[in-house]
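Residue-level structure breakdown
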Amino acid sequence: MNRREALKSLSALIATGAVAASARASEMQGYPSNLAVADEFLPRPAMDGGKMHVLTDETALKTVTAVFDRLIPADDLGPSASEAGCIVFLDSQLADRFGQGAQLYREGPKLPGADELTQAPQFIATPRERYETGLKALEAYAQQTDGAAFADLQPDRQDEILQGMEEGSISLADDINTKAFFELMLQNVREGYFSDPIYGGNKDMVGWKLIGFPGARYDYRLYADRVGQKLDLESISLIPLD
Amino acid sequence: MANYKKISTRILVLGAVVIVAVGFWASRSSNTERNAVADDNVALADFRSTDIEAIQRGEYVMRTADCAACHTQGKNNMAGGYPLATPFGTLVSSNITPDRDTGIGQMTERDFFNAVRNGQGSKGFLYPAMPYTAYANLTDQDMHDLWAYMSTVTPVNHAIDENSAMAFPYNIRLAMLGWNMLFFDNKAFDGDADGADRGRYLVDAGGHCSVCHSPRNALGAEKSDHYLQGGQLGSWYAPDITSNPHVGIGDVSVEDLAEYLGTGTNGQATAAGPMAEAVEHSLQYMSEDDLMAIASYLKSVPASKTKAHTALDASLPSMKRGALAYEVNCAACHGVEGEGMGELAPALAGNHALQGEPNNAIRALMVGARAAATHTKLTGAGMPSFAWKMNDQQIKDVLDYVRNSWGNAAQPVTPEQIERIRVGMQARDKMIDGY
Ligand code: HEC
Ligand code: HEC
Ligand code: HEC
């Protein structure tokens, strides 16, 4: 480097005031100075593109779509569950920690009668496995009773089967807790319809707009005293578009 | 402390100026005659002051001059080794404990004066990363007291090779002679350091505030005609602290200013980054009187010429987007009307630094910010990073909004300013496009 270059590079550095990330203090007064949210605490948005990661079997995908769209059908209040992205939501959840049952206790021993005793059934199988066996069994049930795919049945007939599952009058198979499987699907379709759109469902915040939920706002003190009034607050996603 | 690294970068490059100055040997800049008041016989390693009062005063001088911040790395007080990154390699601070072999144990009091006030150390000319340019103002009395204090520091054997990691020609100490000739104002303080001019003395001598708060010319020397009008420090910006009422401290009361300096926040402004370090290591140890003296002096510093802007029109679509983003993300801490939460989160309404250079505000949004934690205000308030949920445009919208609401008025932030900090700070990108 000759003198001219040296001076030029120096003055360039000074003029722009080079920004150096490496010179950050790692710790001040015993707590971290880095206030970027740690990766493990950041939300895990749905993998985009609508490509299925878990629900790859075509029949299973059709069956669960049919179920979801009977649980939340399209009507004048809003789109159906699948139109609102609930299948994308479900697939993404099953592909991640929820699907792995990461927060569930899944060790044995599981004693006969334990479910009745605890009133909430315990599952050794992961939610992902329960969907796999459950959807297969539901399809087999439809083929057996109606000679057709569940997805191809008339809506009324679909409702009838679902109701039977809910009430416990239908058992899909010996090793499947049919009622609990129904409840799992009901829980997940609701979650998909009303959770933040970054997770794949609640597309365009249709669920939130439907019930007037203002979304991921940090602070409600602003409106806390407007009791009984229609707030008409715009719904906001955790990661807004603009 | 780490932020001194960036400052030194600016100063250090000036070593290059040597070339300009070769040939001029005799110079006022290297004259050390006035240090004849100091003893030149007894080495520090052989001296231990017994004058308790002088030692205590010396410790106070050490605090006001923040020596420990730069000269301590890890546990060993004053044993040096604190690295200051520069574009030409790393400069490491000296061991200034009284250790005979690796510290300054062999220095006499006069040698010490020469090093601290004139930048002439045991190995030759010092790099101006050691702020002797400011310490030249330290009075004889303060230097004597500091010397007494230094004699009480525990000797630590810790060998330091300050400039070994610096590339040629920047490792040539003689280069600093040239720099000094051009930029070092080798003069004693010209006022009443313990009386009427106490504030100016603390600011210009020990406090070395202008090292950060004055802008620099193309060669990296402080622009004396822009004294305290704001300077870039790597990823930080040390704001205008002249009496300018818009972007400076002209509008802030002496009491509020003193509170900020002594505790890190006055509810309006909160000290982060290098300023938090100055507060934690140095300013919080100062007496109430000295803080008030500094504050009064700052308010007497002629205002910079920066004019007030006209606020952006609140009905602009971008201002409306910013308003919503503020309500949703920020109002919980900074208040619905930008009034802040006392010591927990600074007010943005009427926040002067916020209306000047947007650098620190962008930085706060990108990587968050942590306020000083002091003996009186124990919890350094934190501002979370928003890089994961806002893209550059969204950051611009919300910053334009806070800089132009509640009576604030400032220039719109440019995408280049935001991009520079996102890239430079290695802040993450927004996670997904959003919904
Ligand atoms: C901004 C950081 C910084 C601050 C503040 C600072 N120093 Fe230094 N000091 C340095 C660096 C870096 C060096 C090494 C410079 C060199 O080798 O050229 C140094 C060198 C010295 C030396 C020369 C040592 C020798 O062997 O030649 C002495 C003495 C010294 N400092 C004393 C002090 C005292 C006393 C204070 C407070 C009044 C102080 N320093 C504040 C960074 C700092
Ligand atoms: C190491 C560099 C550095 C030194 C030395 C330093 N400052 Fe600062 N100062 C800063 C930075 C950076 C900020 C901005 C902090 C922020 O955004 O929270 C700041 C902010 C301030 C503010 C707040 C301005 C406002 O309007 O919010 C005041 C007042 C101030 N400094 C005064 C001083 C005084 C007085 C001294 C000397 C005793 C001093 N500073 C020394 C870097 C420094
Ligand atoms: C959890 C509380 C919290 C939230 C939420 C928050 N801030 Fe902050 N903010 C702080 C604190 C505390 C500081 C002071 C940090 C410091 O000075 O180190 C701060 C500092 C700032 C600063 C720098 C002010 C200055 O004087 O340099 C700006 C600008 C800012 N915040 C803007 C925002 C914006 C815009 C949002 C919303 C997108 C926001 N903040 C959300 C707590 C918060």
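Residues numbered from 1 in each chain as written. Chains lettered and ligands numbered in written order. Predicted model: local features only at pLDDT ≥ 70, side-chain atom pairs only at ≥ 80, totals over all residues.

Chain B goes by Alcohol dehydrogenase in an unreviewed UniProt entry, where it is assigned to Terasakiispira papahanaumokuakeensis. Quoted verbatim from the Subcellular location (unreviewed entry) field of the UniProt record, the comment on chain B reads "Cell membrane". (UniProt positions renumbered as here; feature names shortened; annotations may be inferred.)

Under an unreviewed UniProt entry, the name given to chain A is Dehydrogenase, and the source organism is Terasakiispira papahanaumokuakeensis.

1. A word on the site of ligand 1
All names here are of chain B. Around ligand 1, the surrounding shell holds 28 residues, and the nearest of these are Cys67, Cys70, Gly121, Met130 and Glu162. Looking at the shell around ligand 1, the elements with two or more residues in it are helix H4 (67–71) and helix H5 (109–118). Sort the elements by how many residues they give to the shell around ligand 1 and H4 lands first, with four residues. In the shell around ligand 1, the residues fall into 19 nonpolar, six polar and three charged. (Near = placed C-beta within 6 Å. Helix = DSSP H or I, 4+ residues; strand = E, 2+ residues; numbered from the N terminus. Nonpolar A, V, L, I, M, F, W, Y, C, P; charged D, E, K, R; others polar.)

2. Regarding the UniProt feature "binding site: heme c 1" (unreviewed entry) in chain B
Residue and element names in this part refer to chain B. Sites flagged by UniProt as "binding site: heme c 1" (unreviewed entry) map to Cys67, Cys70 and His71. Mapped onto the fold, cysteine 67 is located in helix H4. Here histidine 71 shows up in helix H4. According to the C-beta neighbour criterion, histidine 71 is buried, with 24 such atoms within 10 Å. Contacts of histidine 71, omitting those with residues within four sequence positions, involve Met78, Gly80, Tyr82, Ser93, Ser94 and Ile96. (Buried ≥ 20, exposed ≤ 12 C-beta atoms within 10 Å, placed from the backbone. Contact = placed C-beta atoms within 7 Å.)

3. A look at the nonpolar core
Residue and element names in this part refer to chain B. Ranked by internal contacts, the top residues of the largest apolar core, which has 116 residues, are Leu261, Ile362 and Leu365. A domain split of this core shows at least three residues from each of domain 1 (4–190) and domain 2 (317–424). With sequence-adjacent residues up to four places away left out, isoleucine 362 is seen in contact with Ile395, Leu399, Val413, Gln417, Ile418 and Ile421. (Core = buried A, V, L, I, M, F, W, Y, C linked by C-beta atoms within 7 Å. Domains from an automatic or database assignment.)

4. Some words on H5 of chain B
All names here are of chain B. Burial analysis of H5 places nine of its ten residues in the buried class, which makes it a mostly covered element. Turning to H5, its buried residues number three or more, namely Glu109, Asp111, Phe112, Phe113, Asn114, Ala115, Val116, Arg117 and Asn118. Those residues of H5 that are buried lie in contact with strand E3 (120–121), helix H6 (132–135) and helix H7 (140–150). Just downstream of H5 lies glycine 119, where phi reads positive at about 70°.

5. A word on the environment of threonine 59 of chain A
All names here are of chain A. Mapped onto the secondary structure, threonine 59 falls in helix H2 (residues 58–71). For threonine 59, a count of 13 C-beta atoms within 10 Å translates into the label partly exposed. Considering only alpha carbons, one finds threonine 59 and glutamate 139, 80 residues apart in sequence, at a separation of 8.1 Å. Residues contacting threonine 59, with those up to four places away along its chain left out, are Glu139 and Ala149.

6. Re the site of ligand 2
Residue and element names in this part refer to chain B. Around ligand 2, the structure places 31 residues, and the nearest of them are Gly207, Cys209, Cys212, Ala269 and Met275. Mapped by element, the contributors of at least two residues to the shell around ligand 2 are helix H10 (209–213), strand E7 (236–238), helix H11 (254–263), helix H12 (273–281) and helix H13 (288–300). Here the residues of the shell around ligand 2 are counted per class, giving 23 nonpolar, eight polar and no charged.

7. Some remarks on the environment of isoleucine 395 of chain B
All names here are of chain B. Tracing the chain through its elements places isoleucine 395 in helix H17 (residues 392–403). A tally of 27 C-beta atoms within 10 Å means that isoleucine 395 is categorised as buried. It is 27 Å that separates the C-alpha atoms of isoleucine 395 and tyrosine 260, two residues lying 135 residues apart in sequence. Leaving out residues up to four positions away in the same chain, isoleucine 395 has contacts with Ile362, Leu365, Met390 and Ile418.

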